[in-house]
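Listed below, chain by chain, are the residues.
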Amino acid sequence: MSSHGLRIAFFGASLVSAWWNGAALYYRGLLRALHARGHQITFYEPVHPERQRHRDLPVAPDWATVVLYAVEGTEGLERCLEEARGADVVVKASNVGPFDDWLNSRVLELKSGSTQVVYWDMDAPVTLERMAGNPEDPFRALVPCYDRVFTQGGGDPVVLAYRDLGARECVPVYSAVDPDVHQPVRAERRFDCDLALLDDRMPDLERRVESFFLRAADLLPDKRFLLGGEGWGDRQRPANVRYMGSVPPRDHNALRCSARSVLDVSRDGMARFGFSPAPRLFQAAGAGACLITDAWEGIELFLEPGRECLVAQDGLEVAEAVLCLTDAGVRELGQAARRRVLAEHTYAHRAVQVEQALGHSPRLE
């Protein structure tokens with residue numbers, strides 16, 4: 001492959017709106033980093049009225065061209081596919097929305113001697129468990145057709161599972177921190193609490209939030225808990241849990257820097273497969289927050305338990321951590337986590353990994 005910057009056509013859920021779309025922050029961090037390395041990004045996303053109303057990138061970013069297409073039929077997508085033809089790399093992300101299965105197949109028609117087509121699985125454990133439970137799943141036959149599969153996480157268990165399905169290559173490209181976006185800021189009184197959890201309500205997350213967060217709040221009635229994210233308004237919760245509703249990305253640093261500690265809870269499938277750190281983990285570390293995470297295999301590859309984060313097996317251990325944290329411990333854990341992610345886990349690191357996986361050799365100036 002040549003040494004000029006790559007032309008990358010990326011079909012994803014949404015770049016401009018993080019509303020019910022946690023993938024947006026991952027997309028932004030990674031694509032910004034790729035742009036900074038000289039690559040040209042065009043991001044194709046479906047028009048979703050609610051996402052457009054909750055758009056948190058007010059203008060098109062200067063590091064990517066965003067193309068919106070209508071979803072009343074496939075005509076808009078057909079035009080986008082034709083425009084993407086001839087790109088160096090075409091990416092089809094998982095869970096784009098309308099016509100997802102159709103698009104999984106159609107992007108493969110863009111493959112050529114000069115165009116790689118990549119499937120980027122944002123929920124690999126969920127995808128793999130779905131296919132394992134349904135031998136007729138239409139995506140099974142497509143896996144070997146992609147030049148390679150990238151995943152947001154999953155480690156060796158996901159890599160081996162995808163290879164068993166015929167994937168030519170499977171490369172985990174983990175979430176990371178964007179140092180220009182996730183950083184320590186001044187604390188704000190409105191976010192003051194002993195433990196904060198920031199995540200949208202999802203079926204495969206709710207049970208674990210109940211176990212790790214709401215249970216800890218029940219055990220510590222004198223402590224203040226804060227819950228932020230979409231969808232929790234009608235969820236019964238202890239009296240000491242204050243629900244903030246949706247918290248826009250511009251306030252995430254302030255929330256994490258105002259809370260005495262921050263909890264990260266994995267979705268069911270991610271916890272079962274392990275090696276699947278969510279973007280929130282790195283965002284909190286980038287802000288220098290004192291982080292408590294649920295236990296999952298592989299955490300030590302990203303943060304060292306006891307020195308850069310605290311790991312809890314259940315709500316009781318979360319409550320014990322909240323009770324035992326000293327002011328010095330809060331500062332030391334947060335500072336150590338920030339040092340670690342800046343040294344090893346930025347999107348600049350991930351962009352280099354993506355280049356290497358694609359066989360791209362940047363031109364030396």
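Every value quoted in this text rests on a predicted model; they were computed, and no experiment measured them. (Residues numbered from 1 in each chain as written. Predicted model: local features only at pLDDT ≥ 70, side-chain atom pairs only at ≥ 80, totals over all residues. Heavy atoms only, no water.)

Draft legend 1. Broad picture of the environment of L34. Mapped onto the elements of the fold, L34 is located in helix α1 (residues 23–36). Overall, L34 belongs to the buried group, its relative accessible area being 4%. Once the C-alpha coordinates of L34 and G5 are considered, the two residues, 29 residues apart in sequence, prove to be 9.3 Å apart. Sequence-distant contacts of L34, that is, excluding residues within four places in its chain, are made with I8, H39, I41, A351 and V354. (Helix = DSSP H or I, 4+ residues; strand = E, 2+ residues; numbered from the N terminus. Buried < 20%, exposed > 50% of the residue type's maximum accessible area, 1.4 Å probe, protein only. Contact = heavy atoms within 4.5 Å.)

Draft legend 2. View of the environment of D222. Within the secondary structure, D222 is located in the loop between α7 (203–219) and β9 (225–228). Taking the C-alpha atoms as reference points, D222 and N240, 18 residues apart in sequence, are found 7.4 Å from one another.

Draft legend 3. Region of interest: the state of the cysteines. This structure, assessed with the given rule, holds zero disulfides. Left unpaired, C170 is separated from the closest cysteine sulfur, that of C145, by 16 Å. You can call C170 buried: its relative accessible area is 5%. This cysteine, C324, is not joined by any disulfide, and C290 carries the nearest cysteine sulfur, 12 Å off. Residue C324 is classed as exposed on the basis of its relative accessible area, which comes to 63%. (Disulfide = S-S within 2.5 Å.)

Draft legend 4. Just the sheet that holds strand β2 (residues 40–46), in detail. What the seven strands build is an open sheet, ordered β3-β2-β1-β4-β5-β6-β7; its pairing is parallel. This sheet does not close on itself; its edge strands, each paired only once, are β3 (65–69) and β7 (170–172). Averaged over all pairs of adjacent strands, the angle between their axes in this sheet comes to 20°, without regard to strand direction. Direction of pairing for strand β4 (residues 89–93) relative to strand β5 (residues 116–121): parallel, over a ladder of five bridges. Residue pairing for β5: K92 is matched across the bridge by Y119. (Pairing = 2+ DSSP bridges. Axes fitted to C-alpha atoms, helices over the stretch in contact; angles between N-to-C directions.)

Draft legend 5. Molecular detail of the pattern of salt bridges. Scanning the entire structure with this criterion turns up 34 salt bridges. R224 serves as the salt-bridge partner of D192, at 2.9 Å between the closest nitrogen and oxygen. You can see D192 sitting in the loop between β7 and β8 (195–198) and its partner R224 sitting in the loop between α7 and β9, a full 32 residues away along the chain. A relative accessible area of 36% places D192 in the partly exposed class. Between E206 and R201 there is a salt bridge, and its shortest N-O distance comes to 2.8 Å. (Salt bridge = Lys/Arg side-chain N within 4 Å of Asp/Glu carboxyl O.)

Draft legend 6. Main features of the packing of helix α10 (residues 279–286) against helix α12 (residues 327–344). Packing of α10 against α12 leaves a shortest axis separation of 7 Å and a crossing angle of 115°. Classed by the angle they form, the pair α10 and α12 counts as roughly perpendicular. Side by side, α10 and α12 meet where F282, A285 and G286 of the first sit next to G334, A337, R338 and V341 of the second. Taken together, the residues of the contact of α10 with α12 sort by class into four nonpolar, two polar and one charged. (Parallel < 35°, antiparallel > 145°, perpendicular 65-115°, else oblique. Nonpolar A, V, L, I, M, F, W, Y, C, P; charged D, E, K, R; others polar.)

Draft legend 7. Region of interest: the sheet that holds strand β13 (residues 310–312). Strand order in this open sheet of six strands is β10-β9-β8-β11-β12-β13, and the pairing throughout is parallel. Looking at strand neighbours, the two that pair on one side only are β10 (241–245) and β13, the edges of this open sheet. Averaged over all adjacent pairs, the angle separating strand axes in this sheet is 25°, with direction ignored. When β8 meets strand β11 (residues 262–264), the two strands line up parallel, connected through two bridges. Residue pairing for β11: A196 is matched across the bridge by V262. Of the strands in this sheet, β8, β9, β10, β11, β12 (291–294) and β13 are in contact with α7, which crosses β9 at around 150°.

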